[in-house]
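Secondary and tertiary structure notes
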Amino acid sequence: MKVRSFIVLILGLGLIVSCGLAQDDLPAAPSAVQEQKKPKSSVPAGQAQPDTPSPQQQSKAEPKPADVSSTSPKSPGPTAEEDATTIRVPVNEVNVIFTVTDKHGRYVKDLKKNDFNVVDDSKPAAEIRSFHNETDLPLQVGLLIDASNSVRDRFKFEQESAIEFLNQTVRPRYDRAFVVGFDVTPEVTQDFTDNTEALSRGVRALKAGGGTAMYDALYFACRDKLLKAQRAGPTRRAIILLSDGDDNQSHVTREEAIEMAQRAEVIVYTISTNVTGARGRGDKVLERIAEATGGRPFFPFQINDVANAFLEIQDELRSQYALSYKPADFHLDGRYHTIEILAQNHKGLRVRSRRGYYAPAR
């Protein structure tokens, strides 16, 4: 009897430990939850989604698209070591990274705090609390490369251009980057590192083939990589997305992927792999993603223009401003608020930033 009680006690402790170690996922995207509620017949052929994952599936480091939108029990709070590195920001303070160009598209890098006004939900900000010319902030960069069949034609050249970009951009002991390839599922071929050789191996490990789940990949990279990455101070978060923009496999929508990028304060630069010479539907999708997050879309129809697009992104990442401000009418309502930064005292200047943010909810 004592032996049976001891076995029951051990099994109970094992269950508690396994629940405590579950990954602390963010809430699922609404459209993905609806997708999961559909009958099994709605799952695309070749994508098995068992009700109970096998131990081999549970041991995988990175989720597949269905996992991108899944929920799981909350994990215990941060340890003392993790808590010591957390940067706490007042909930009524909004941080924005932005770029200023003149009428010829050249970067303007010498402006001051008094050269800008901030408008939050059509109301002037109550106060600009900090302002910096952030040409040297540490970078956290995600490289998302479409590895589906639709981009096979110039896949090799795009890989080499991406490797050159990482070699020129990532500074040891200062910047960090990761590599994700995606077709029907996102796959991390190199996690966060400052080692450019490891990043190069991660890019070369990508193999083209399969369908396209671009929204899932972007959602995953923002939520599970950048949003959860520790920051020891102000940091610029950016994603470079190479794709033709034609998504046919995602569980989340385009707008949900954009929303997650905005919540993670990520600037997305898109580089189209469309070689037709005409702007298609996919190019419009890429343009929407970039502009909504404060990035830029690039359409390099000539193969050599891909490398030039990477060079322009590299230059822009070193030519930005950062400010934080207090909105005039701030509420913990979880709502989306628009942002507009206006350059005053100078004619012909264009300011590019993310278009809004989501306020914390009570």
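Refer to the preceding data block for the structure.
Residue positions within a chain follow its written sequence, with the count starting from 1. Only residues with pLDDT of at least 70 are given local features in this predicted model, and only at 80 or more are side-chain atom pairs given and counted; all residues enter the totals for whole chains, interfaces and linings. With hydrogens and water set aside, each side-chain value is computed from the structure's full complement of heavy atoms.

1. Here's the deal with the overall build of the chain
Filter applied, for reference: Put simply, DSSP marks the helices as runs of H or I at least four residues long and the strands as runs of E at least two long, and each gets a number from the N terminus on. Here's how the labels work: a residue is buried when its accessible area is under 20% of the maximum for its type, exposed when over 50%, partly exposed in between, all with a 1.4 Å probe on protein chains only. By the convention used here, residues are in contact when the closest approach between their heavy atoms is within 4.5 Å.
Check the secondary structure of the chain and you find 11 helices and 14 strands. Sorting the 362 residues of the chain into buried and exposed places 46% on the buried side. At a minimum sequence separation of 6, the contacts of the chain that also span at least 24 residues come to 82%.

2. A word on the side chain of Asp283
We apply this condition: Asp and Glu count as negative and Lys and Arg as positive, but His and the ends of the chain are not part of the count. Here a salt bridge means any side-chain nitrogen of Lys or Arg lying within 4 Å of a carboxyl oxygen belonging to Asp or Glu. Pairing of N or O atoms within 3.5 Å defines a polar contact, subject to two protein rules: one partner must be a possible hydrogen donor and the other a possible acceptor, and residues neighboring in sequence count only if both atoms are side-chain atoms.
Secondary-structure assignment places Asp283 in helix H10 (residues 281–293). Of the side chains with opposite charge, Arg279 lies nearest to the buried Asp283, which makes no salt bridge, at 5.0 Å. There is a polar contact of 2.8 Å between the side chain of Asp283 and the side chain of Asn274. Apart from residues no more than four positions distant in its own chain, Asp283 is found in contact with Asp244, Ser272, Asn274, Ala278 and Phe299.

3. Concerning the nonpolar core
Selection rule: Here, the term nonpolar core denotes a set of buried Ala, Val, Leu, Ile, Met, Phe, Trp, Tyr and Cys residues that are joined through side-chain atoms within 4.5 Å.
The biggest cluster of nonpolar side chains holds 30 residues, and the ones touching the most others in it are Leu144 and Ile239. Of all the elements in the fold, those that place two or more residues in this core are strand S6 (176–182), strand S7 (186–193), helix H8 (214–226), strand S8 (236–243), helix H9 (254–263), strand S9 (266–272) and H10. With 9 residues, H8 is the largest single contributor of residues to this core. Apart from the residues within four sequence positions on either side, Leu144 is in contact with Phe178, Val180, Phe182, Ala217, Leu218, Ala221, Ile239, Ile240, Leu241 and Leu242. One finds Val170, Ile271, Phe310 and Leu317 within the second-largest nonpolar core, a separate group that totals 28 residues.

4. Focus: the pairing of S8
The condition is simple: DSSP calls a pair of strands paired once it identifies at least 2 bridges connecting them. When the strands point away from the viewer, a crossover counts as right-handed if the route from the first strand across the helix to the second turns clockwise.
Burial within S8 is extensive, with 8 of its 8 residues counted as buried. Burial along S8 is two-sided: Arg236, Ala238, Ile240 and Leu242 and Arg237, Ile239, Leu241 and Ser243, pointing in opposite directions, are all buried. Pairing of S8 with S9 involves 7 bridges; the strand directions are parallel. By the bridge assignment for S9, Leu241 is matched with Thr270. Taking the sense of rotation as the criterion, the β-α-β connection linking S8, H9 and S9 turns out right-handed.

5. Overview of the packing of helix H6 (residues 155–169) against helix H11 (residues 305–317)
Applicable threshold: The angle between two axes is taken between their N-to-C directions and runs from 0 to 180 degrees, where each axis is a line fitted to C-alpha atoms and a helix contributes only its stretch in contact. When describing relative orientation, an angle under 35 degrees is termed roughly parallel and one over 145 degrees roughly antiparallel, while 65 to 115 degrees is termed roughly perpendicular and anything else oblique. Crossing handedness follows the turn of the near helix against the far one: under a right angle anticlockwise gives a left-handed crossing, and clockwise gives a right-handed one.
Contact geometry for H6 and H11: axes closest at 9 Å, N-to-C directions at 25 degrees. On the basis of their axis angle, the class for H6 and H11 is roughly parallel. The crossing of H6 and H11 is right-handed. Counting all contacts with H6, which are made through Phe157, Glu158, Ser161, Ala162, Phe165, Gln168 and Thr169, the residues of H11 involved are Val306, Ala307, Phe310, Ile313, Gln314 and Leu317.

6. A few points about the pattern of salt bridges
Where charged atoms from two side chains of opposite charge approach closely, those side chains can pair. Following the criterion strictly, the structure yields 20 salt bridges and no others. In this structure, Arg296 and Glu312 form a salt bridge, with 3.0 Å as the shortest nitrogen-oxygen distance. Here Glu312 lies in helix H11 and Arg296 lies in the loop between H10 and strand S10 (297–298), a separation of 16 residues in the sequence. With a relative accessible area of 22%, Arg296 lands in the partly exposed category. Of the residues examined, Glu312 reaches a relative accessible area of 36% and is grouped as partly exposed. When salt bridges with common partners are traced through the structure, they connect Arg296, Glu312, Glu316 and Arg352 into a single cluster.

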